[in-house]
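As a plain string of letters, each chain reads:
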Number of protein chains: 2
Amino acid sequence: KGDEPAIIETAARLGVPYRLFTAAELEAQVDRLVNPSDVVFAEVGCHGVSEGAALALADGELVVEKTKTANATCAVVRAADPIVDMAGRSRGKLSIIGIGPGQHSWRTPEASALVAEAEELVGYGLYIDLLGALAYGKKRVDFPLGGEEDRCRYALEQAAKGKNVALICSGDAGIYAMGALVFELLDRGSDQMGVSDAAHRVEVVSTPGVSALQGAAARAGAPLGHDFCVISLSDLLTPREDIVKRLIAAAQGDFVIAFYNPVSMRRRTLLAEARDILLKHRPADTPVMLASSLGRPEEHVRYRRLDELEVDEVDMLTVVLIGSSNSKLTQLGEGPRMYTPRGYARKIDGDLS
Amino acid sequence: KGDEPAIIETAARLGVPYRLFTAAELEAQVDRLVNPSDVVFAEVGCHGVSEGAALALADGELVVEKTKTANATCAVVRAADPIVDMAGRSRGKLSIIGIGPGQHSWRTPEASALVAEAEELVGYGLYIDLLGALAYGKKRVDFPLGGEEDRCRYALEQAAKGKNVALICSGDAGIYAMGALVFELLDRGSDQMGVSDAAHRVEVVSTPGVSALQGAAARAGAPLGHDFCVISLSDLLTPREDIVKRLIAAAQGDFVIAFYNPVSMRRRTLLAEARDILLKHRPADTPVMLASSLGRPEEHVRYRRLDELEVDEVDMLTVVLIGSSNSKLTQLGEGPRMYTPRGYARKIDGDLS
């Protein structure tokens, strides 16, 4: 019953903890049940669920014995003493958290609150390090880059034990991060290489975060001011021909484009191919922004013309933002700024008046 | 000199205020100058800049008279009394702030800090209301929806007076919000329907925010887990044929798509056209998420099949998220969840092993 919506909602409305017991734990109360049932035992492995659970939670007097309605059964025990250590375990919670690209001031209060309430932090080590003091005193389990599937399975199974687990991602956890993989694993049965039945019943919360693309855009000015798309150039999981198909579509649609995973040690040709495809559809002097280590002391931002985009200037952590044919690079007091106008010019200049 | 990078940087490094004076204010000190210059007067309208500025700021003794290097001139006055009211005016600052889609816990600390330090808040009234207590005690100037150009011009000109002004946008200020328009106005000369020369010299800071699209995605699960694009369906500023061209490109590229401004009172046909274009390229049961009033008490989320997307269910504040051909809708304990797998299935199922 760990994921029974009605009980979850009832506990939330009443503002009380929702505790879970195994059949064996409930069966340990068998001698104290007022209404033991062999039928229930045959079905779930203990002679009483409601009375057993109430008695397992509180050592006291059964003041309301097993009471049925069409949909639910309940029993109430009056504890002899205040309940300090809660028996059973909680449902388990997995928070999928995007902490933003680097600087603390871009991490949302919701993300910080979910980290703060978690008992265990799971993630790529650098991202957990970026949490600074917020991570102190918590169990942390670092996984290497590339260990995404192990990381998500581990986090789900730890939550399945009743723990409050935070899966720490950089940027927005739903944009090329662990979010989709967690749901992909939850969408598989335990017999289809999915996670355990217990893991299927944990509470899963996603919280949005500032993505690297937005951090880069804020530094640039407003390059995402009009329609844009986001493409990962990693062919590790996506067939190369699908990526090229998307590049051509993005070029034809004249979208502003943000590339994630533009290169890796092994893989350096797709970015050059992307540049060449785009050059067929937009001007050679289209502005390109390269942004590294956003929000960290070593932050580094450069602007290039599209035809002068060199793959060797880009590493795997660089965000590459390519303007549409309308994007502009301008010089302001504090340096170059890139923006993509939305079309107000036609209004300002009177074409639409 | 309001936007002179070297002086701006020097003030920042020294951690001291940077104050500006008009030529007339400097000329008021003419009788106290040790080194008045007719050449300087002919050029900038006052007989001394460095000595004049030092004397205008502090009523005291000129302890270092006009001293030149190749690039700069300075003078120092020792104030007779502590300086409490700073003469002149500051450079003026315009912060372009995205406050997220609604709930406070999605507003970044940087956005909150920039609002807190601002003297004047400019924006669409509802967005300023969403700031709650953070807006109390500040001057606020509400502009109507549709008054975007006036809003940005006003904010820039107020900053040009030396004020610290916050332009309040919902979501991310750089994504279809005021960001690009501010830079578009700054990129025009004062004789090209741009803003005043003084406004060109203000400090402009952009800060990223959680966009409505990300708030919606977090509620859904992880629909943006793979390549996506963002398209505004408003043909107010963008020619309809450009929008249709982008829709076709997005369909051909099999992107997950987020629509902003899906409909307005006047304009209701493009969303249906978009649906019909997409149906030619992805399955009829492709999941679609409709999300309204994200992060507010009246938040409302629905899921539909692409072929059952009805325009009448959508209003101008609805975020419409359309899955790619790979996006999935699954039932978890707390309800439906939508995600777009990144391709781990090929790894999990062994195709890539």
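Presented here is an overview of the structure given in this document.

Definitions and limits used
- Residues numbered from 1 in each chain as written.
- Chains lettered and ligands numbered in written order.
- Predicted model: local features only at pLDDT ≥ 70, side-chain atom pairs only at ≥ 80, totals over all residues.
- Heavy atoms only, no water.
- Core = buried A, V, L, I, M, F, W, Y, C linked by side-chain atoms within 4.5 Å.
- Buried < 20%, exposed > 50% of the residue type's maximum accessible area, 1.4 Å probe, protein only.
- Contact = heavy atoms within 4.5 Å.
- Helix = DSSP H or I, 4+ residues; strand = E, 2+ residues; numbered from the N terminus.
- Pairing = 2+ DSSP bridges.
- Phe/Tyr/Trp six-rings, centres within 6.5 Å; stacked < 30°, edge-to-face > 60°.
- Least-squares fit on C-alpha atoms with pLDDT ≥ 70 in both.

## Considerations on the nonpolar core
Here comes step 1: Counting residues in each nonpolar core, the largest one holds 54 residues, and the members touching the most others are A:F259 and B:F259.
Here comes step 2: Once residues lying within four places of it in the same chain are set aside, the contact partners of A:F259 are A:I231, A:L233, A:L247, A:L271, A:A274, A:L278, A:T318, A:V319, A:V320 and A:I322.
Here comes step 3: Counting residues in hydrophobic clusters, the runner-up holds 42 residues, among them A:A217, A:M289, B:W106 and B:I175.

## Description of the pairing of strand 15 (residues 319-322) of chain B
Residues and elements named next belong to chain B.
Here comes step 1: In strand 15, alternate side chains face the same way, and those of V319 and L321 on one face and V320 and I322 on the other are all buried.
Here comes step 2: Pairing of strand 12 (residues 256-260) with strand 15 involves three bridges; the strand directions are antiparallel. Residue I257 lies in a different strand from strand 15, and its bridge partner there is I322.
Here comes step 3: Bridge analysis of strand 13 (residues 287-292) against strand 15 gives four bridges, and the strand direction is antiparallel. Pairing of V288 across the sheet is with I322, part of strand 15.

## Description of unusual backbone geometry
Residues and elements named next belong to chain B.
Here comes step 1: Positive phi values are uncommon outside glycine, yet Y176 reaches one of about 55°.
Here comes step 2: With respect to the element layout, Y176 can be found in the loop between strand 8 (164-169) and helix 8 (179-186).
Here comes step 3: Of note in this structure, D254 is not a glycine but carries a positive phi near 55°.
Here comes step 4: Summarising the element assignment, D254 is placed in the loop between helix 11 (240-252) and strand 12.

## Observations concerning the packing of aromatic side chains
The relation between two aromatic rings is expressed through the spacing of the ring centres and the mutual angle of the planes.
Residues and elements named next belong to chain B.
Here comes step 1: All told, the structure shown has six aromatic pairs over all chains when counted by the stated rule.
Here comes step 2: Considering the side-chain rings of Y176 and Y260, the 5.1 Å spacing of their centres and the 45° angle between planes classify their relative orientation as tilted. Linking Y176 in the loop between strand 8 and helix 8 with Y260 in strand 12, this pair joins segments that are 84 residues apart in sequence.
Here comes step 3: On the basis of relative accessibility, which here comes to 14%, the residue Y260 falls in the buried class.

## Topic: the relation of the copies chain A and chain B
Here comes step 1: Rotating chain A by 180° and translating it 0.0 Å along the rotation axis places it on chain B, where the RMSD comes to 0.1 Å. Taken together, the turn and the small shift mark the pair as related by a two-fold rotation axis. Nearest to the rotation axis, the C-alpha of A:C229 is located 1.9 Å from it, this being the minimum over chain A.
Here comes step 2: A symmetric contact is evident, with 99% of the interface residues of chain A recurring at the interface of chain B.

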